[in-house]
Amino acid sequence: MVRVYQGIGPVDAYMVRDWLDRNGIHAWMHGQHLMGACGELPISWPSVWVATDDEPRARAALTTYEQPQLVHPDWLCRCGETNGPAFGACWSCGAEPR
Ligand SMILES: [Zn+2]
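Think of each chain on its own: its residues are numbered from 1, step by step along the sequence as written. Reporting of local features is limited, given that this is a predicted model, to residues whose pLDDT is at least 70; pairs of side-chain atoms are given and counted only at 80 or more, and all residues count toward the totals for whole chains, interfaces and linings.

Asker: Residue-level account of the overall build of the protein, with values.
Answerer: For the protein, the helix and strand inventory stands at two helices and five strands. Here a helix means four or more residues in a row that DSSP labels H or I, a strand means two or more in a row labelled E, and each is numbered from the N terminus. Along the protein, helices and strands appear, N-terminal first, in the series β-α-β-β-α-β-β. Residues are called buried when their C-beta atom has 20 or more other C-beta atoms within 10 Å, exposed when it has 12 or fewer, and partly exposed otherwise; all C-beta atoms are positioned from the backbone. Residues counted as buried form 15% of the 98 residues belonging to the protein. Once C-beta atoms have been placed from the backbone, residue pairs whose C-beta atoms lie within 7 Å are recorded as contacts. If you take every contact in the protein between residues at least 6 apart in sequence, the share linking residues at least 24 apart comes to 46%.

Rendered as structure tokens:
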């Protein structure tokens, strides 16, 4: 078993697990019960684990999961121009975002 995702909140690991499920990769949650442990601190958020054989596929699936999360309202070109999110290349100099 390999951990492919460490949750940063109470629900994001569940969403990652669902995403992996939808990509045909069985994933397990760990640590979701720590909240109920009396007096045990610090709290750690759930993490997502997959079988070692599934790790490459899981990591590939996670790259497509994370992309929609990246919200870049605007991006700054190396030439100094600010471009809207619809621009795949700088409107001024034609360079692509880094
Ligand atoms: Zn530019």
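Asker: So what's going on with the sheet that holds strand β1 (residues 2-6)? Which residues, and what values?
Answerer: Here the rule is simple: two strands pair whenever DSSP picks up at least two bridges between them. The three strands are arranged β1-β3-β2 in an open sheet whose pairing can be described as antiparallel. With partners counted over all chains shown, the strands left at the sheet margins are β1 and β2 (27-30), one partner each. Direction aside, the axes of adjacent strands within the sheet are offset by 35° on average. Sheet analysis places β1 next to strand β3 (residues 47-50), joined by four bridges and oriented antiparallel. From the neighbouring strand, R3 faces β3, where its bridge partner is W49. Angular values range over 0 to 180 degrees, each being the angle between N-to-C directions of two axes fitted as lines to C-alpha atoms, with helices fitted over their stretch in contact.

Asker: Now, about the nonpolar core: what can you tell me, with residues and values included?
Answerer: With eleven residues, the main nonpolar core is built from V4, Y5, A13, V16, L20, A27, V48, W49, V50, A58 and A61. If you list the elements that add at least two residues to this core, you get β1, α1 (12-22), β3 and α2 (55-66). Dropping the residues within four chain positions of it, V50 is found in contact with V2, V4, L20, I25, A27, E55 and A58. In these notes, a nonpolar core means any group of buried Ala, Val, Leu, Ile, Met, Phe, Trp, Tyr and Cys residues linked to one another through C-beta atoms within 7 Å.

Asker: Break down the confidence of the model for the protein for me, with residues and values.
Answerer: How sure the predictor is of each residue is captured by pLDDT, a score from 0 to 100. The share of residues in the protein with pLDDT of 70 or more is 79%, and the mean pLDDT across the chain is 82. No element of the protein has a lower mean pLDDT than strand β4 (residues 75-76), at 85, and none a higher one than β3, at 94.

Asker: Talk me through the environment of G9; I want residue IDs and the actual numbers.
Answerer: Relative to the helices and strands, G9 is located in the loop between β1 and α1. Among the residues examined, G9 registers 10 C-beta atoms within 10 Å and is labelled exposed. As for G9 and S44, which are separated by 35 residues in sequence, their C-alpha atoms are 8.8 Å apart.

Asker: Go over the environment of I25 with me, naming the residues and quoting the values.
Answerer: Here I25 is to be found in the loop between α1 and β2. Along the sequence, I25 and A61 sit 36 residues apart, while their C-alpha atoms lie 8.9 Å from each other. In contact with I25, other than residues within four places in its own chain, are L20, V50, D54, R57, A58 and A61.

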